[in-house]
Amino acid sequence: MSNISRSSRQRSESTRISDDQIVQLVSKLRQLVPEIRTRRSNKVSASKVLQETCNYIKNLHREVDDLSERLAQLLSTIDADSAEAAIIRSLLSN
Amino acid sequence: MRNQSSVKQEFLRKWITGLRRYSCEKKNMSFFERKKAIKLSADLAMASTRDKTTRWSQALIANNTDNVFIASSSSSSPKKSSSSRSRNMTTLMRRSRPTRVKSAKKEMSSARCIAKRLMEKRTRKLKNLLPGGESMDEGCLVAETLDYIQSLRDQIEVMRCLVTASQLIINPS
């Protein structure tokens, strides 16, 4: 696994994700998602972080899909223009 | 950090507007059509809350404008240009990928090569997951990813609320 140490990156390409960005990604992800486990050490595996991020986004997509399906079942019994929709809106805005 | 509750409210408002349009346009939708409409209007509503400040949201809107069957003019211009533009850029980026250089120290370079290849592979994977990610340069990829993740989380939270509220309305027990 690649270590984030500047000496090993002799050949720095501008098209690659920089170390700083990986560190930023890790710290932000830790804030957002406590479940994401990254190695508790100074060395952070950049590719592992990317992998975790990808998995997390895939999970989020799946969740959106699942919720859309449930709503499709539920909302078929509610007319969008009816009073119930107004009630839902007011419930959610509080 | 943007104000999360106002973002969620804006998302909800726009989402319901979109849903209304669908229900006016098409009566008697199949389950699959309804699900697709709900998901699409949710995605578009969330993307529009970003107000063109992020690339993923612009790409999402551009890519999906063809699919939206709104009750507006039937001669709406298809946004093929932007999607073909991103496709061309993808081809360009593929062609311009740097070739690997073999160094004298074979063991170290092979480890470095493997690590580099892994990074490239996973960066590509991330780009495929992000709307419009293929044509993004790595410089903005991380910021876009974080914004996209936060937006998805907000979207999911609001959708969950709606599921709960709908369940309560249907079964008020």
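Everything below is about the structure printed above this text.
Conventions used here
Per chain, residues are indexed from 1 in the order of the written sequence. Going through the entries in the order they are written, you letter the chains from A and number the ligands from 1. Selection of residues for local features in this predicted model requires a pLDDT of at least 70, selection of side-chain atom pairs for listing and counting requires 80 or more, and totals for whole chains, interfaces and linings are taken over all residues. Heavy atoms throughout the structure, all of them, feed into the side-chain values; hydrogens and water do not. Helix axes are fitted only over the stretch in contact, all axes being lines through C-alpha atoms; the angle between N-to-C directions runs from 0 to 180 degrees. Where helices and strands are cited, they refer to DSSP runs of H or I of at least four residues and of E of at least two residues respectively, numbered from the N terminus. Orientation labels follow simple angle bins: below 35 degrees gives roughly parallel, above 145 gives roughly antiparallel, 65 to 115 gives roughly perpendicular, and whatever is left gives oblique. Note: crossing handedness is left-handed where the near helix turns anticlockwise from the far helix by less than a right angle, and right-handed where it turns clockwise. In what follows, residue pairs with any heavy atoms lying within 4.5 Å of each other are defined as contacts. All residues other than Ala, Val, Leu, Ile, Met, Phe, Trp, Tyr, Cys, Pro, Asp, Glu, Lys and Arg, Gly among them, are scored as polar; the first ten of these are nonpolar and the last four charged. Only buried Ala, Val, Leu, Ile, Met, Phe, Trp, Tyr and Cys residues count toward a nonpolar core, and they belong to the same one when joined by side-chain atoms within 4.5 Å. We call a residue buried when its accessible area falls under 20% of the maximum for its residue type, exposed when it is over 50%, and partly exposed in between, using a 1.4 Å probe and counting protein chains only. Just to be clear on terms, a salt bridge is a Lys or Arg side-chain nitrogen sitting within 4 Å of an Asp or Glu carboxyl oxygen. Throughout this description, a polar contact denotes any pair of N or O atoms lying within 3.5 Å of each other; where both atoms belong to protein, one of them has to be capable of donating a hydrogen while the other can accept it, and for residues adjacent in sequence the pair is counted only when both atoms sit in side chains.

### Side note on the packing of helix α2 (residues 31-49) of chain B against helix α6 (residues 138-170) of chain B
Packed helices, taken two at a time, are described by the angle between their axes plus the distance between the axes. All names here are of chain B. Two elements in contact, α2 and α6, have axes whose closest approach is 10 Å; the angle formed by their N-to-C orientations is 130 degrees. When the axes of α2 and α6 are compared, the pair comes out oblique. The two elements α2 and α6 cross, and the hand of that crossing is right-handed. Together, Ala42, Asp43 and Met46 of α2 and Ser151, Asp154, Gln155 and Met159 of α6 make up the contact between the two elements. Of the residues that constitute the contact of α2 with α6, the class distribution is three nonpolar, two polar and two charged.

### Here we look at the nonpolar core
In this structure, Ile57 and Leu71 of chain A together with Trp15 of chain B are the most contacted members of the largest nonpolar core, which totals 53 residues. Contributing elements (two or more residues each) for this core: α1 (19-32) and α2 (46-75) of chain A together with α1 (4-25), α2, α3 (55-64), α5 (106-129) and α6 of chain B. In terms of residue count, the dominant contributor to this core is α2 of chain A (13 residues). Setting aside chain neighbours within four positions, we find Ile57 of chain A in contact with Leu126, Leu129, Leu130, Thr145, Tyr148, Ile149 and Leu152 of chain B.

### Description of the pattern of salt bridges
Across all of its chains, the model carries eight salt bridges over all chains by this definition. When the shortest N-O distance is used, the salt bridge between Lys14 of chain B and Glu10 of chain B registers 2.8 Å. Taken together, the residues span about one helical turn, with Lys14 of chain B and Glu10 of chain B both in helix α1 at a distance of four residues. The partly exposed category is assigned to Glu10 of chain B, whose relative accessible area is 22%. Of the charged contacts, one joins Arg55 of chain B and Asp137 of chain B as a salt bridge, the two residues approaching to 3.9 Å between their closest N and O atoms. A residue pair is termed long-range when its members are at least 10 positions apart, and Arg55 of chain B in helix α3 and Asp137 of chain B in the loop between α5 and α6 qualify at 82 residues. We classify Asp137 of chain B as partly exposed; its relative accessible area is 38%. One network of salt bridges, with partners in common, ties together Asp65 and Glu69 of chain A together with Lys35 of chain B.

### Focus: the packing of α2 of chain A against α6 of chain B
Following both chains from N to C, one finds α2 of chain A and α6 of chain B inclined at 25 degrees, their axes separated by 9 Å at the closest point. The orientation of α2 of chain A with respect to α6 of chain B, classified from their angle, is roughly parallel. The handedness of the crossing between α2 of chain A and α6 of chain B comes out as left-handed. Classifying every residue of the contact of α2 of chain A with α6 of chain B by side-chain character gives 16 nonpolar, seven polar and four charged.

### Focus on the side chain of Asp147 of chain B
Within the fold, Asp147 of chain B resides in helix α6. Within the local environment of Asp147 of chain B, its side chain forms a polar contact with the side chain of Arg50 of chain B, the two groups lying 2.6 Å apart.

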